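Overview (structure and organization)
So the chains spell out like this:
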Amino acid sequence: MPTNFTVVPVEARAGVGGAGAGDEAVERTEAPGIPADGEPERPSWGDGTPRESSPFISTVDVERESYYEGRNMALFEEEMDSNPMVSSLLNKLATYTNLSQGVVEHEEDEDSRRREAKAPRMGTFIGVYLPCLQNILGVILFLRLTWIVGMAGVLECLLIVSVCCTCTLLTAISMSAIATNGVVPAGGSYYMISRSLGPEFGGAVGLCFYLGTTFAGAMYILGTIEIFLTYISPGAAIFQAEAAGGEAAAMLHNMRLYGTCTLALMAVVVFVGVKYVNKLALVFLACVVLSILAIYAGVIKTAFDPPDIPVCLLGNRTLAKRGFDTCAKAQAALWGLFCNGSSPSATCDQYFTQNNVTELQGIPGVASGVLLENLWSTYSDKGAFLEKEGVPSVPVPEESRAAGLPYVLTDIVTYFTMLVGIYFPSVTGIMAGSNRSGDLKDAQKSIPTGTILAIMTTSLIYLSCIVLFGACIEGVVLRDKFGEALQGNLVIGMLAWPSPWVIVIGSFFSTCGAGLQSLTGAPRLLQAIARDGIVPFLQVFGHGKSNGEPTWALLLTTLICETGILIASLDSVAPILSMFFLMCYLFVNLACAVQTLLRTPNWRPRFKYYHWTLSFLGMSLCLALMFICSWYYALFAMLIAGCIYKYIEYRGAEKEWGDGIRGLSLNAARYALLRVEHGPPHTKNWRPQVLVMLNLDAEQAVKHPRLLSFTSQLKAGKGLTIVGSVLEGTFLDKHAEAQRAEENIRVLMGVEKAKGFCQLVVSSSLRDGMSQLIQSAGLGSMKHNTVLMAWPQAWRQADNPFSWKNFVDTVRDTTAAHQALLVAKNIDGFPQNQERLGEGSIDVWWIVHDGGMLMLLPFLLRQHKVWRKCRMRIFTVAQEDDNSIQMKKDLQMFLYHLRISAEVEVVEMVENDISAFTYEKTLMMEQRSQMLRQMQLSKTEQEREAQLIHDRNTASHTSVATRPQAPPMPDKVQMTWTKEKLTVERHRDKGAGGAVGFKDLFSLRPDQSNVRRMHTAVKLNGVVLSKSQDAQLVLLNMPGPPKNQQGDENYMEFLEVLTEGLNRVLLVRGGGREVITIYS
C-alpha cells in the first residue's frame, strides 16, 4: 500500500512586544547562527525552565535558545535532549556511514573521503560477485581437482561437490537473511554472528573464522610454492634427495624453506602497502578467469583435435618420465633404469622382464568414451602403483619391488571422507561479499544477490569441470597428482588451450594473490575482535599504526600462518581450515534458525527466501561434514571454540548486543515457567526458594551483608534466590535512590556469590512494602516459599525503622501466605564464605513438627564448605508423660529412613513450680507494656525507661543462670517525672481517675497465660544453654505470634528470653507443608 508523506511548514512566531519585536524576531530567524549581539547561541537543555513569552523574559533569548530544537514546538522542548526532532533524526540517518570507527582502510583519511565523494560505491557485480568468485575458485581447482576426480570417480566426485556446494548455498541463504536484517557495518561475518548469537558465541566463532582465514593463507602459500617448485622451476630446489625414495622428504623441506621466505615477503608487503594488494585484486581475478576459459577452450579443442600426450605403461603400471623420452624396452635410457647394465645379458627387474611396455594417450579427448572408465572410484593405499585397468600384466612377488624404479606411486592413502576434507576449502570464500559490506552501495541488496549468484556460478564450474575432466583425461593421468607421467607437467595445464603455461602462470598468480588477501583480511578480523573487548588477553592486538593498520595482529597472523607452512603439505593443511570454516558456517545457520524461531520483533530481513528448516539443514550438514572430513580435527576445533566460549563467559567484558541467545534463554525460561505453573512441587522436589529481606541504611548500603553469605551457603548455587528490600517514600521522589540501592545490592550479591535476582520496592511504609514483596516477588511458579530475615536487635527502640511491630506483622504475613520463615539472630556473627568451621556442631532443637524444615536445613548447610566439617545433633524435649528411651529409638529410626546422619538426644524437661524470677520477669514485661501504653512518654524517655527495665531483667537473669541467689527486687519501679508532665497527665486523666490508673500500674498482677509462656521460655532457654552453648549454630522452632495483637510486644520478649545467651541462632517456622520424606 503506498504511503504519502506531507511536510507542513511552521510559521515563524512573532514576538510579544509589538510589530517591531516581531520584525526583529523574523530577522533573527533568517540568520540563526549569527545573533545580533554577537554572543554564541546557547542550547536549550530541557531542564524545566519556563519558556513562555513574558514581559520579564527576553523573547529573543528564548528564540535563540530553542531554535535548533524546532521553533513553535514549546510543548515538547523539555524532551528535546532525550527525544530529538524527526528532522534531525532523518538528517543523522542520511549521513550515516557504516565504516568502523577509528579504522582508515589502507590509505589516509583525506584521500578516502575525497574518493568516496567523487566515486560511487561498489555495486553487486564488482563489490560482491567478483570477490566471491575470486575467493571460491583457487588453488584446489588447479592443483587437486583432477586428482580428486581420478581417485573418487566422476559419480562420487559429483556427490562431494554437490554436498559441499549445498552446504555453502544454505549458509549463504542464512547469511543473506542476517545481512539484510538492518544496516550491516563493516566487520562482515564476525559482526553478523556476534550480534546474532552474543559475545560468547561471537568471540568463539570469530576466532575460529580468524584461524580458518590464517590457515587458508598458509594453504595458498603452499600452493604457490608447489606450483613454483614442481611446474615452473624444479631446479630451484635447495634440498635434494640423498637416496632413492627420499624425494618426498626433500620436497617437504623445500616447501618449508621457500614457504617461510614467501610468508615473510608477503607480510612485509601487507605491512608496507596494503593498498597495492587491493588494487592488484582485479589482476589476480583476471588470472583466474583466463585460466578457467583456457580449460574450457582446451576441452572444446579435444573434441576434434586431441593433443598428443603419450603416457608410458610397463604392464599395467604407469611410468614416470624421468630420465627417458622414448617408451620402448629397447631404448637405452629405460633399459638402464630397470637393469644393472646396458648389455642384453644384464640382470633386469623381474616385472620389467615379464611385462611389455605400452603407450597410451593421456588426454584422448571428450569424444573418446573414457568417461565410462572414470565413473567409479579407485582408492589406494600409500605407496601403491598407478595401474591401468584392462591392460594385461604378469604379477611378480612383492619382494621383487625395487626402490628407485620410475614408477608413479600414490603419496598418501585415499578414501572418500579424506577427499571431502581436501576439497571443501575450494568452496569457501562465500563471506568475501559480506566482508566488504562497508564499501557497498546497497549492502542489503548486493550481498544476497552477489553471493548466491557466485555460489551457483562456481558450483556449475566445478560440476562441469568434473564431468569434462572425466570425459577427456585418462584415469591413470587423473590420479597422477604431480604429473610425473607427463614429464612433470600440470595435468590440468596439458588440457588447456593455447598453452599449459596459461594455467601454470595464472594459477601461480591467483594463489599468490589469495595468500596476500588472507594475510590482509585475517589481521583486520582479529583487530575487530580485539576492539570489541570481549576477549581480554587479545586487546593488545586492537592497536596498530596511526592509520589503523593492525600491526600487532599482522605479527600474530604471520606466526600462526608459519605453523601451517611448517606442516608443508597442502593435503594436511586443507582439512584444518575446513574445520574452522565449517564451524563458522554452522553458527551462521544457527543464528538464522534461532532468530527465525524466536520471531523477535526486530527480525525483519529484506531477503525473504529463507526458512528455519533450511538453516537447520545447513547447520546439520556443516556438523556432518566436520566429522566426515576428520573426526579428531572436528573435536579439536570444537574444543578450541568451547574453551574460548567459557573464557569469554567467565573473564570477558559484559556486552549486551540484543543477541538471539539472550532471546532463546528468555523463550526457554518462559516455556519452562508455563510448564511448571500448575500445582505445588512434590515433597521430593521441594527446596527452599528464598526471599531475603535486607535492611538499608541512609546511604542505601546493606546493613547485614552476612545474610547474603548465609543465603549462598544455604543454597549452594541451587534453586531460586530473590533479594528484596524496601525504601520508604514515593517512587517519583526515590527512583534515583532505588537504582543506587539496587546496584549496591547487586554488587554485594556478586561479592558474596549469591546467585539470584534483586527486587527493590518503594512504598509509603516499610510495613506495606514488605507485605508487597511477600505477596508478589517472583514470577509464576518461580516464587519464593521461604523468607529469610534478620532479628531486629534494637527492637525496643521505638524510632528503629524495623520496629517490632513490622517484624511481628511480617511473621503473620508469611504464615498467611503458607511460607516458611527463617530468622537469623546475631547475623553479623555468622561465618563468611571464606571461613571454614573446623569443628563444632549444628544443634537442632526439635520441639514441634512443622514439616521437617529443621531436619532439612542442616543437611543443606553441610553441603557447603563452610559447614561441611560440623556434625549434626538433634535434641528433642520429653515431658513427664513421655518415654524418653522410646522417643530416642523412634527418632533414630526416623533419621535412618530420612538418610540423615545425626546424633540424637532426648532432654527431659520436668514440670516444676514457677520460679520467682519467671514471675517477676513476666510482671516486668507487662508493666513495661502497660506503662508505655498509658503514659505518653517522649522518645528519649521511652528509650530510657525501656533500657532501665531491660538492664534489670538482664541482671536478674544472669544471676539466676550463674546459680547464686537472686537479689531482692525493688517494690516499685522508679520513674522520672517533670512538673510539666505531671500537670499534663493530671489534666488529661482527671475525668478517668488518672492517679488511680498510675497506682494500679504498680499493683498489677501478671496474666497467668503470660506467666506460663515465660516459664516455658526460661526453662527451655536454660536447657538449650546447658547443651548447646558452644554449638556453631542452633536451630529452634519459632513459636507463632499471638492472635490478639495487643500482646505483640510480649511475643518479642518471649523470643528474646528463649534465645538469650546463644551465639548464633536460626529461628525456623514452617510453611504448613511437608518438605522432607522418607520415601524414594
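Labelled according to an unreviewed UniProt entry, the protein appears under the name Solute carrier family 12 member 7, originating from Heterocephalus glaber. Per UniProt, the protein carries the Sequence similarities (unreviewed entry) text "Belongs to the SLC12A transporter family. K/Cl co-transporter subfamily."

**A short note on the pattern of salt bridges**
Between side chains of opposite charge, a pair can form as their charged atoms come close. All chains considered together, the criterion is met by 16 salt bridges. With a closest N to O distance of 2.8 Å, Lys-388 and Glu-373 form a salt bridge. One end of the pair, Lys-388, is in the loop between β3 (357-361) and α14 (416-423); the other, Glu-373, is in the loop between β3 and α14, with 15 residues separating them in the sequence. The closest approach of N and O atoms between Asp-411 and Lys-481, which form a salt bridge, is 3.0 Å. Placement of the pair is Asp-411 in the loop between β3 and α14 and Lys-481 in the loop between α17 (475-478) and α18 (491-495), with a sequence separation of 70 residues. According to the relative accessible area criterion, Asp-411 is partly exposed, its value standing at 31%. Salt bridges sharing common partners tie together Arg-144, Glu-226, Asp-411, Lys-481 and Asp-571.

**Some thoughts on the packing of helix α7 (residues 145-179) against α14**
It is the contact of α7 with α14, at a shortest axis distance of 10 Å, that shows an interaxial angle of 75°. Here α7 is positioned roughly perpendicular relative to α14, judged by the angle of their axes. Contact residues: Leu-145, Trp-147, Ile-148, Met-151, Ala-152, Glu-156, Leu-159, Ile-160, Val-161 and Cys-164 in α7; Phe-416, Met-418, Leu-419, Val-420, Ile-422 and Tyr-423 in α14. When grouped by side-chain class, the residues that make up the contact of α7 with α14 number 15 nonpolar, no polar and 1 charged.

**Let's talk about the packing of helix α22 (residues 612-629) against helix α23 (residues 631-651)**
Where α22 meets α23, the closest approach of the two axes is 5 Å, and the angle between their N-to-C directions is 125°. Taken together, the axis directions place α22 and α23 in an arrangement best described as oblique. Of the residues in α23, those touching α22 at Met-626, Phe-627 and Cys-629 are Trp-631, Ala-634, Leu-635 and Met-638. Here the residues of the contact of α22 with α23 sort into 7 nonpolar, no polar and no charged.

Here is what the cut-offs are and how they apply
Residues numbered from 1 in each chain as written. Predicted model: local features only at pLDDT ≥ 70, side-chain atom pairs only at ≥ 80, totals over all residues. Heavy atoms only, no water. UniProt positions renumbered as here; feature names shortened; annotations may be inferred. Salt bridge = Lys/Arg side-chain N within 4 Å of Asp/Glu carboxyl O. Helix = DSSP H or I, 4+ residues; strand = E, 2+ residues; numbered from the N terminus. Buried < 20%, exposed > 50% of the residue type's maximum accessible area, 1.4 Å probe, protein only. Axes fitted to C-alpha atoms, helices over the stretch in contact; angles between N-to-C directions. Parallel < 35°, antiparallel > 145°, perpendicular 65-115°, else oblique. Contact = heavy atoms within 4.5 Å. Nonpolar A, V, L, I, M, F, W, Y, C, P; charged D, E, K, R; others polar.

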